[in-house]
Every structure is written in structure tokens, then in C-alpha cells.
Amino acid sequence: MNTITDRHQFILKKLSEKGQVTIPQLMDEMKVSGVTIRKDLKLLEEKKLLFRTRGGGSINNPYAIERPIDEKEFIKSEEKKKIAKAALSLIGQNDSIIIASGTTVFELARQLYPSKRIIVITPALKVALELINRPNVEILQLGGLVHQSSSSTAGSFAEKVLDELSCGVLFIGVDGIDLEHGLTITNIVEASLNQKMIRLAQTVVVLADSSKFDRRGLGKICNLDQIDYIITDGEVSRETVNKIEKSGVKVIIAE
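What you see is a predicted model; the values in this text were computed from it and never measured. (Residues numbered from 1 in each chain as written. Predicted model: local features only at pLDDT ≥ 70, side-chain atom pairs only at ≥ 80, totals over all residues. Heavy atoms only, no water.)

All right, on to helix α5 (residues 77-87) then. Considered for burial, the residues of α5 that qualify are Glu79, Lys80, Ile83, Ala84, Ala86 and Ala87. Buried residues in α5, looked at end-on, bunch into an arc of 160°, giving them a common side. (Buried < 20%, exposed > 50% of the residue type's maximum accessible area, 1.4 Å probe, protein only. Helix = DSSP H or I, 4+ residues; strand = E, 2+ residues; numbered from the N terminus. Arc of directions from axis to C-beta.)

What follows is the structure, encoded as C-alpha cells:
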């Protein structure tokens, strides 16, 4: 199976039969290296013929159903690092920010080393644990029921705390960005909390890799005109970027 066309046809055939494939399985059946298969999976994903997952590929969108945060973390991990790095510049002189739940915004927490004191408000336990001993960072952890798949709090307790707060910038992740329907997530329980965080923030920044565009999750959190920035990777189409920017949202492509 030497040609790229043959390999791609084989992968798509296996996907149609089983719904998902693994890199070790493909290496064994196709007699090619893991590096070659990863490149093939990346190309097929770019053509929107499959979705890459940890260790393989799937015919189903991994964001269309709710998956554990530890599993989502490995999807487009390099793109998420670049997006998080680009987001750091938007903190500016603000002394308080919100980092919501999700793997892309968690990457922002990993890269956050402020030179001056900043308060980070977050519902995400992983974000709080990442920043707990970070110099110049104070954490305000939102309370409430912890949702197992996201390791994040949601519900009336968390929302009540927000009644007394305001912040400069909200960094939020989403599972779907649709030009007409708006921004969505798969966890409907967390949708209400995200809506409230959006209302209290002076600036709303969405961190989302290119796989999130033209997709919808279960719970809507806002319309496009309620956000200020979207930071994404270079795989998003120029047509999509132009349409979003016409709605008044600044799109930043992370390099």
C-alpha cells in the first residue's frame, strides 16, 4: 500500500465499517509507519473526512458528545498551545480574569506566568490546581456541584458568587461555532454558568481550534455578537473568518 490514495481509501473503508480506527491497528494492516499514518489522518481531517482522536481517528465528531476532559486534551493539542499563547496578550493590564472550563482554556492556565498580581476566577478544578502555587496569581474558585467529565463546577452556587463579581476578560472554550446559531457546548448543565460569565465580563475571548467551526453542541451559550474575540488556528477558512469579522468579532489566527 504505497500510494497516499490507497492508504486514504483503506482508512476511510475501515472507518465506514467500524466507526473508528487506531494507529497501531493501521500500522499492522497497512505495513507503514506510525508517522505516515498520523500524517494521513491529519490530511483526512483537514478534508473533513474524519476526526482525529487520541491514538487514531473516528467518523464521529468527538465534540458532538460529551467526553472526559482528559480525553479531549489530546485532540489538536499543538493547535491549543498556539491558541493559548496568542491569548496571553489579551490579558493586558487587567487585574482579574475568568478562565472557564475546557482543554484549550486550561492550556492558557498552563502558560500563565504574570509579572504582576492577577486574580483568576474559575469554575475549573484543573485550572485552580495548575495555578495554585504560581507567583502573582490569586485564585477565586467557584463552588458548586463538580461535573465529572469536565472537572468543573456548575449550578446555582457558582452562579450566585458571580452576582458579586466583575472581571476584565473572560477566556472561554466552546464545542461549536455556528454563524447563525452562535456558540454552543455539549454540557448543557454548564451552559447557564457560561452565559452568566459572558454577561459580567468586559471582554469575552473565545479560544477554539478550527474543528469547532460549523458545528453545534447541545447547549447554546450566546450569539456571535456577544463576544469580542475568537482565537483559532490557521486551518479555519478565510471565508469563515471574513463572515465572522463582518459580525463585529475580531478573529486572531494563532501562528
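Right, let's get into the nonpolar core. Within the largest apolar cluster, 33 residues are counted, with the highest numbers of intra-cluster contacts made by Leu170, Ile177, Leu183, Val206, Ile221, Ile227 and Ile230. Of all the elements in the fold, those that place two or more residues in this core are α8 (156-162), β9 (167-173), β11 (182-185), α9 (188-200), β12 (201-207), β13 (219-222) and α10 (238-246). Looking at this core, the element that brings in the most residues is α9, giving five residues. Sequence-distant contacts of isoleucine 221, defined by excluding residues within four places in its chain, comprise Ile172, Val174, Leu183, Thr184, Ile185, Ala191, Asn194, Gln195 and Ile198. Counting residues in hydrophobic clusters, the runner-up holds 25 residues, among them Ile83, Phe106, Val127 and Phe171. (Core = buried A, V, L, I, M, F, W, Y, C linked by side-chain atoms within 4.5 Å. Contact = heavy atoms within 4.5 Å.)

Time to look at the state of the cysteines. What the rule picks out here adds up to zero disulfides. The cysteine cysteine 167 is free of any disulfide, with cysteine 222 supplying the nearest cysteine sulfur at 14 Å. (Disulfide = S-S within 2.5 Å.)

The next thing to look at is helix α3 (residues 34-46). Residues separated by three or four positions in an α-helix point in the same direction, a consequence of the helix having 3.6 residues per turn. When the terminal C-alpha atoms of α3 are compared, their 18 Å separation across 13 residues agrees well with the 18 Å that a helix rising 1.5 Å per residue should span. Listed as buried for α3 are Gly34, Ile37, Asp40, Leu41, Leu44 and Glu45. Projected down its long axis, α3 carries its buried residues within an arc of 135°, all on one side. Exposed and facing more than 90 degrees away from the buried side of α3 are Val35 and Lys39. Lining the buried residues of α3 we find α1 (4-18), α2 (23-30), β2 (51-53) and β3 (56-58). Note on α3: the residue one or two positions beyond its end, lysine 48, has a positive phi of about 60°. (Expected span 1.5 Å × (residues − 1).)

This part takes up the domain arrangement of the protein chain. Entries for the protein chain in the domain assignment read domain 1 (4-58) and domain 2 (69-253). One C-alpha centre belongs to domain 1, the other to domain 2, and the line joining them spans 31 Å. (Domains from an automatic or database assignment.)

This paragraph deals with the sheet that holds strand β1 (residues 20-22). Spatially, three strands are ordered β1-β3-β2 in an open sheet, and the strand pairing comes out antiparallel. Two strands in the sheet have a free side with no partner beyond their single neighbour: β1 and β2. Taking each pair of neighbouring strands and ignoring which way they run, the sheet shows an average axis angle of 25°. Pairing between β1 and β3: three bridges, direction antiparallel. If you follow glutamine 20 over to β3, its bridge partner there is serine 58. With respect to the sheet, α2 is in contact with β1 and β3, its orientation differing from that of β1 by roughly 75°. Here α3 sits on the sheet and contacts β2 and β3; the angle it forms with β2, its principal contact strand, is near 140°. (Pairing = 2+ DSSP bridges. Axes fitted to C-alpha atoms, helices over the stretch in contact; angles between N-to-C directions.)

Our next topic: the pairing of β12. In summary, the side chains of a regular strand alternate between the two faces of the sheet. Extensive coverage of β12 is indicated by the burial of five of its seven residues. Sheet analysis places β9 next to β12, joined by six bridges and oriented parallel. Opposite glycine 173, over in β12, you have leucine 207 as the bridge partner.

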